[in-house]
Amino acid sequence: MATAQDVGTEQTGNDRFSIKAQTFMGFYIDKSSNVKAIDPSAPTGISMGIEFPSSQQRPWQQYLNNPTVGLGMTYLDLGADMMGKALSIYPYILLNCMRREHFELEVKLASGLSVVNEHWYTQKDQNPDHYGEVTTNTTFGSYLNVYLSGGLNMDFPITRNFTVNSEFAFVHMSNGRSSMPNVGANLFYGGVGMIATINPEVEKKPLHFPDLPRRWKLDVNGSAGVQQPDVGDRRYLIASLHAGAVYNLNNWYAVGGGMDIFYNGAINKESIRKLFRKDIDYTFLDKMRVGVGLNNEFRFGILTVLLDWGIYVFNPSRNYYLSDHPVYGHGKRPLIYKPENPSRDEGWHYWRFGLRCRVWDNLYVQVAAKMHLHISEHIGFGVGYDIPFQRNVRRTAA
């Protein structure tokens, strides 16, 4: 573990915090046919947050240029009675980009949960044939959804206690295909607000930490989740196993490669969804996929953001789609090909976006969404372990 230099008798707590209040308005991005039919007004809302500026007493704060962390809550009117309201709770981080006397620019990243009061199963019309019509709500298929947001945060300090704030960000809410329908909501919004800082005079002597002591590490994890292929369908088990190695390019970013083994129980002739053929008794191997990928890790203390891209090297289900491929016909797709339609063909490559939290030593828990293009296939919850195996030759102060 890295040890601090020049520790002295400084405290390691942080007595400063801020209260933020904001109002915002936005618009829908990539409207579904259902949203176009409902034609909602501009989504509006209010948000509250409590923020903790960097105490400059932790290694990860130094490595990330002393970011601010916070806990936020947002109330959102989705613009129509049928689409309802959403209440979201999420932790977030503000990464410093520019600091001047009367202007601060930060990148804001947030991830949490959102609860909506209207979805497919709260409506009177639940006929799948009415997708895209004004009488249905296909945006959400459950009360509980994932909340993801990213954008720019701009502060205009007036005094040490008071700041005017503005924010421009993208928001995505969906349940990751755990309950269909799952079109989800994609919004872009702009907001203005105020920030009040408590104990602004509290300052601590910054501590300085050495670089991370190890350069390479092995990573092994397993996860599982469920997928509901279509409205009224049963939920099928989804599972994955990952093994790989990443190299620490610096104190907050690592890149490497690995292998993924996927099991998709939704490759099943009993499924309602018209994706795979119904005349085949699928074996265990038919439901398996093996991929090799590029792994990216962005580290924020005990939290790590994952962004992986991979290609399938074993993918028997590519030959079982109901739809004919315009070039390769039926059942003759090569390992790498151009998909006809992402909603009728899961393609030859995949993305994985997730969040990992270290809980003890190198043991961690994680949640991750697997996607092809922009379409979510499932959300998996799992555990894993990091195995460092090469020490950094040079350990200089960061």
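Residues numbered from 1 in each chain as written. Predicted model: local features only at pLDDT ≥ 70, side-chain atom pairs only at ≥ 80, totals over all residues. Heavy atoms only, no water.

## Brief notes about the nonpolar core
Here's step 1: Counting residues in hydrophobic clusters, the biggest one holds 22 residues, and the most contacted among them are Tyr28, Leu76, Leu78, Met83 and Met173.
Here's step 2: Mapped by element, the contributors of at least two residues to this core are strand E1 (17-28), helix H1 (33-38), strand E4 (85-100), strand E5 (103-116), strand E7 (162-174) and strand E8 (185-198).
Here's step 3: Considering each element in turn, this core owes the most residues, four residues, to E4.
Here's step 4: The residues contacting Leu78, other than those within four sequence positions of it, are Tyr28, Pro40, Ser41, Pro43, Met83, Gly84, Phe140 and Met173.
Here's step 5: Core analysis: the second largest hydrophobic core is formed by nine residues, Ile280, Tyr282, Tyr337 and Trp348 among them. (Core = buried A, V, L, I, M, F, W, Y, C linked by side-chain atoms within 4.5 Å. Buried < 20%, exposed > 50% of the residue type's maximum accessible area, 1.4 Å probe, protein only. Helix = DSSP H or I, 4+ residues; strand = E, 2+ residues; numbered from the N terminus. Contact = heavy atoms within 4.5 Å.)

## Remarks on the confidence of the model for the protein
Here's step 1: On average, residues of the protein score 88 in pLDDT, and 92% of them reach the 70 mark or higher.
Here's step 2: Contacts of residues 1-13 to residues separated by more than four positions or lying in other chains number 25 contacts, the stretch itself having pLDDT below 50.
Here's step 3: Contacts from residues 392-398, a stretch scored under 50 in pLDDT, to residues over four places away or in other chains number 20 contacts. (pLDDT = per-residue confidence, 0-100.)

## Concerning the environment of Asn341
Here's step 1: Inspection of the secondary structure puts Asn341 in the loop between strand E13 (303-314) and strand E14 (349-360).
Here's step 2: Sequence separation between Asn341 and Ser323 is 18 residues; the distance between their C-alpha atoms is 9.4 Å.
Here's step 3: Of the polar contacts made by the side chain of Asn341, one reaches the side chain of Ser343; its length is 2.6 Å. (Polar contact = N/O pair within 3.5 Å; in protein donor to acceptor, adjacent residues only side chain to side chain.)

## Things to note about the pairing of strand E11 (residues 253-264)
Working note: regular strand, side chains alternate between the two faces of the sheet.
Here's step 1: Bridge analysis of strand E10 (residues 236-248) against E11 gives eleven bridges, and the strand direction is antiparallel. Bridge pairing links Ala245 to Gly257 in E11.
Here's step 2: From the end of E10 to the start of E11, which pair antiparallel, there are four residues.
Here's step 3: One ladder, built from eleven bridges, connects E11 with strand E12 (residues 288-300); its direction is antiparallel. Among the inter-strand pairings, Ala254 is bridged to a residue of E12, identified as Glu297. (Pairing = 2+ DSSP bridges.)

## Some details on empty space enclosed by the protein
Here's step 1: Enumeration over the complete set of coordinates arrives at six cavities of 30 Å³ or more.
Here's step 2: Here the largest cavity defines a volume of roughly 180 Å³.
Here's step 3: Around the largest cavity sit 21 residues that line it, and Phe24, Thr74, Tyr90, Tyr147 and Tyr189 are the ones nearest its centre.
Here's step 4: Its residues placed into classes, the lining of the largest cavity shows eleven nonpolar, seven polar and three charged. (1 Å grid on protein atoms, 1.4 Å probe; cavity = no way out; pocket = protein on both sides within 12 Å on 5 of 7 lines; lining within 4 Å. Points joined across faces, edges and corners; volume = space filled by probe spheres on them. Nonpolar A, V, L, I, M, F, W, Y, C, P; charged D, E, K, R; others polar.)

## A few points about the pairing of strand E3 (residues 68-77)
Here's step 1: Where burial is concerned, the two faces of E3 differ: the one with Thr68, Gly70, Gly72, Thr74 and Leu76 is buried and the one with Val69, Leu71, Met73, Tyr75 and Asp77 is not.
Here's step 2: Relative to E4, E3 runs antiparallel, the two sharing ten bridges. From the neighbouring strand, Gly70 faces E4, where its bridge partner is Tyr92.

## A word on the side chain of Glu377
Here's step 1: Here Glu377 lies in strand E16 (residues 375-391).
Here's step 2: Given the relative accessible area of 4%, Glu377 is considered buried.
Here's step 3: Among the polar contacts listed, one links the side chain of Glu377 to the side chain of Lys370, at a separation of 2.5 Å.
Here's step 4: With sequence-adjacent residues up to four places away left out, Glu377 is seen in contact with Gly176, Arg177, Gln227, Arg289, Tyr312, Glu346, Lys370, Met371 and His372.

## With respect to the side chain of Asn137
Here's step 1: Following the sequence through the fold, Asn137 ends up in the loop between E5 and strand E6 (144-157).
Here's step 2: Separated by 3.1 Å, the side chain of Asn137 and the backbone oxygen of Met82 make a polar contact.

## Focus: the sheet that holds E7
Here's step 1: Strand order around the closed barrel formed by eight strands is E1-E2-E3-E4-E5-E6-E7-E8, with antiparallel pairing between neighbours. Strand-to-strand twist of the sheet, defined as the mean angle between neighbouring strand axes without regard to direction, takes the value 25°.
Here's step 2: When E4 meets E5, the two strands line up antiparallel, connected through twelve bridges. When the bridges of E5 are listed, Met98 appears paired with Leu105. (Axes fitted to C-alpha atoms, helices over the stretch in contact; angles between N-to-C directions.)

## Brief notes about a nonpolar patch on the surface
Here's step 1: A surface patch of nonpolar side chains, about 890 Å² in accessible area, is lined by Trp216, Leu218, Val359, Trp360, Leu363, Val365, Val383, Tyr385, Ile387 and Phe389.
Here's step 2: Ranked by residues supplied to the nonpolar patch, first place goes to E16 with four residues.
Here's step 3: Locating Trp360 in the fold gives a position in strand E14. (Patch = residues over 30% accessible without salt bridge, like charges linked within 9 Å, V, L, I, M, F, W, Y side chains within 5 Å. Areas by Shrake-Rupley, 256 points an atom, 1.4 Å probe, with all protein chains shown as cover. Salt bridge = Lys/Arg side-chain N within 4 Å of Asp/Glu carboxyl O.)

## Describing the environment of Tyr236
Here's step 1: Locating Tyr236 in the fold gives a position in strand E10.
Here's step 2: Residue classification places Tyr236 among the buried positions, given a relative accessible area of 3%.
Here's step 3: For the pair Tyr236 and Ser271, spaced 35 residues apart in sequence, the C-alpha to C-alpha distance is 9.1 Å.
Here's step 4: Once you skip the residues sitting within four places of it in the chain, Tyr236 turns out to touch Gly225, Val226, Gln227, Pro229, Gly265, Ala266, Asn268, Glu270 and Ser271.

## Looking at the packing of aromatic side chains
Here's step 1: Across all of its chains, the model carries 16 aromatic pairs by this definition.
Here's step 2: The interplanar angle of 50° and the centroid separation of 5.2 Å between the aromatic rings of Trp216 and Tyr247 together place this pair among those described as tilted. With a gap of 31 residues between them, Trp216 in strand E9 (residues 214-227) and Tyr247 in strand E10 connect regions that are remote in the sequence.
Here's step 3: Exposure remark for Trp216: the relative accessible area of 30% places this residue in the partly exposed category.
Here's step 4: Residue class for Tyr247 comes out partly exposed when judged on its relative accessible area of 29%.
Here's step 5: Ring geometry for Tyr253 against Phe298: centres 5.1 Å apart, planes inclined by 35°, an arrangement best described as tilted. Taken as a pair, Tyr253 in strand E11 and Phe298 in strand E12 lie far apart in primary sequence, 45 residues in all.
Here's step 6: An aromatic cluster is present here, built from Tyr90, Tyr92 and Tyr147 joined pairwise through their rings.
Here's step 7: The cationic tip of Lys108 hangs over the ring face of Tyr92; the distance from NZ or CZ to the ring centre is 4.4 Å. (Phe/Tyr/Trp six-rings, centres within 6.5 Å; stacked < 30°, edge-to-face > 60°. Lys NZ or Arg CZ within 6 Å of the ring centre and 35° of its normal.)

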